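Okay, here's what each chain looks like letter by letter:
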Amino acid sequence: MSLMVSSSATANMRSLDGLLGMMAKSAGGRQVVVQALEALQELFLTALLPDRKLKVLEQQLLHLLPPGKDGDKYLLLWAVEDAVKRRYQQYVQQLEKCSTADLDFIKEKATKAISRLLTAKPEAEQTLLAALVNKLGDPSRKLASDAGYMLSQLLLEHPAMKPVVVREVERFVFRPGLSDRARYYSVTFLNQLTLSHKPSEGGTALAHKLIDIYFTVFKLLLQGKLGNAAARQHQQQQSSGKQAGGKHKRNLAKHHQAGRKGRSAAAAAETAAAGAQQAGELDARMLSALI
């Protein structure tokens with residue numbers, strides 16, 4: 001299928017659709033998904049995507065088409081471009097889905113493909129960038145760390161993207177419900193950015209933006225509105241509400257729970273101590289990254 005598409009995309013759109021279908025069929029096995037993923041990646045990078053953003057047919061200058069065969073040739077090329085753009089959108093959506101799969105093997109392949117496409121081609125840039133930034137919050141520490149490295153490599157290749165990347169990471173950092181580890185990896189990435197006086201790379205405005213982000217995160221951490229302190233405060237409020245609402249029930253069942261209370265209290269204290277220690281260490285690392 002790959003050879004047919006690379007030799008003539010115009011006549012082999014069905015083969016391209018076949019590869020997209022293979023990638024979408026999770027029941028086909030991880031090896032089939034990965035093979036289709038990699039084949040499509042090479043096709044789009046080497047044969048199908050130009051070094052500019054694609055256009056749908058409605059965006060072309062249809063009213064300026066010359067008459068006769070020349071006009072038909074342009075119309076055919078524009079129709080193929082429209083078809084490639086729509087199929088590339090499907091591919092990017094499948095990559096996003098694979099990057100959140102249960103298997104680390106597939107997640108890693110998808111994340112590397114996202115990074116490579118984002119670095120090489122401008123098409124679907126914003127969607128790919130958001131997907132790569134999201135991997136900073138991956139449950140796998142290795143993959144989250146790799147995502148930060150891939151973003152750094154992207155900026156080495158395209159330093160003019162620094163303001164765009166910082167803006168996307170900023171949205172990610174202040175996302176509601178974000179884990180503290182994801183926030184830590186994000187701040188660490190921002191802290192390692194190489195700044196430049198060049199206006200094309202953000203200049204002093206980018207430096208001011210980073211300082212604003214750091215101070216905002218620092219202030220929210222100290223106020224207990226962000227991080228583990230905020231989570232603990234929320235849990236305490238929920239616990240207090242439950243205790244107040246169920247007080248009379250506990251009084252009625254007090255003599256039945258006397259034996260269990262000591263054991264559960266000891267276990268809860270041990271769990272809370274371990275959780276507090278881990279949370280404190282993560283908050284300390286966050287503050288260290290900010291400083």
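Owing to the predicted nature of the structure, the values given are computational and were not obtained by experimental measurement.

1. Examining the packing of helix α4 (residues 69–98) against helix α6 (residues 125–134)
(1) Moving on: Packing of α4 against α6 leaves a shortest axis separation of 11 Å and a crossing angle of 5 degrees. Here α4 lies roughly parallel to α6, going by the angle between them. Residues Y88, V92 and E96 of α4 lie in contact with α6, whose contacting residues are T127, L128 and A131.
(2) Moving on: Partitioning the contact of α4 with α6 into residue classes produces 4 nonpolar, 1 polar and 1 charged.

2. Overview of the side chain of K107
(1) Moving on: As for its position among the elements, K107 is in helix α5 (residues 104–120).
(2) Moving on: Residues in contact with K107, not counting those within four places in the same chain, are C98, S99, T100, A101, K135, D138, P139 and L143.

3. Brief notes about helix α10 (residues 203–222)
(1) Moving on: The end-to-end C-alpha distance of α10, which contains 20 residues, comes to 30 Å, matching closely the 28 Å that a straight helix rising 1.5 Å per residue would cover.
(2) Moving on: Looking only at α10, the buried set comprises G203, L206, L210, I213, Y214, V217 and L221. Along α10, the residues classed as buried sweep out an arc of 95 degrees about the axis, all on the same side. In α10, the exposed residues that point more than 90 degrees away from the buried face are T204, A205, H208, F215 and L222.
(3) Moving on: After α10 finishes, the residue G224 shows a positive phi value of roughly 75 degrees.

4. Here's the deal with the nonpolar core
The tendency in soluble globular proteins is for nonpolar side chains to be buried side by side.
(1) Moving on: Grouped together as the largest cluster of nonpolar side chains are 61 residues, with contacts concentrated most on M23, F44, Y91, L95, V165 and L190.
(2) Moving on: Among the elements that make up this core, the one with the highest residue count is helix α3 (residues 30–48) (9 residues).
(3) Moving on: In this structure F44 touches L16, L49, V84, R87, Y88 and Y91, once residues within four positions along its chain are discounted.

5. So, the pattern of salt bridges
(1) Moving on: The final tally for this structure, using the stated rule, is 18 salt bridges.
(2) Moving on: A salt bridge links D82 to R86, with the nearest nitrogen and oxygen atoms 2.8 Å apart. Of the two residues, D82 and R86 both sit in helix α4, 4 residues apart, roughly one turn of that helix.
(3) Moving on: With a relative accessible area of 11%, D82 lands in the buried category.
(4) Moving on: We classify R86 as partly exposed; its relative accessible area is 38%.
(5) Moving on: Through salt bridges with shared partners, one network takes in D104, K107, K135 and D138.

6. Re the confidence of the model for the chain
Detailed reading of the predicted model is not advised wherever pLDDT is low.
(1) Moving on: Per-residue confidence for the chain gives a mean pLDDT of 81, with 73% of residues at or over 70.
(2) Moving on: Under a pLDDT of 50 for its full length, residues 265–269 has, in the predicted model, 0 contacts with residues more than four places off or in other chains.

7. Some points on the packing of α3 against α4
(1) Moving on: Where α3 contacts α4, the axes come no closer than 11 Å and their chain directions differ by 140 degrees. Judged by the angle between their axes, α3 and α4 are oblique. Here the hand of the crossing between α3 and α4 comes out left-handed. Of α4, the residues touching α3 (which contributes V33, L37, L40, Q41, F44 and L48) are V84, R87, Y88, Y91, L95 and C98.

8. Side note on helix α2 (residues 13–24)
(1) Moving on: Taking 1.5 Å of rise per residue, 12 residues should cover 16 Å, and α2 covers 17 Å from first to last C-alpha, within 8% of that figure.
(2) Moving on: For α2, every residue scored as buried is listed here: M13, S15, L16, L19, L20 and M23. Down the axis, α2 shows its buried residues gathered within 165 degrees of arc, on one side only.

Conventions we followed
- Residues numbered from 1 in each chain as written.
- Predicted model: local features only at pLDDT ≥ 70, side-chain atom pairs only at ≥ 80, totals over all residues.
- Heavy atoms only, no water.
- Axes fitted to C-alpha atoms, helices over the stretch in contact; angles between N-to-C directions.
- Helix = DSSP H or I, 4+ residues; strand = E, 2+ residues; numbered from the N terminus.
- Parallel < 35°, antiparallel > 145°, perpendicular 65-115°, else oblique.
- Contact = heavy atoms within 4.5 Å.
- Nonpolar A, V, L, I, M, F, W, Y, C, P; charged D, E, K, R; others polar.
- Expected span 1.5 Å × (residues − 1).
- Buried < 20%, exposed > 50% of the residue type's maximum accessible area, 1.4 Å probe, protein only.
- Arc of directions from axis to C-beta.
- Core = buried A, V, L, I, M, F, W, Y, C linked by side-chain atoms within 4.5 Å.
- Salt bridge = Lys/Arg side-chain N within 4 Å of Asp/Glu carboxyl O.
- pLDDT = per-residue confidence, 0-100.
- Left-handed = near helix turned anticlockwise from the far one by under 90°.

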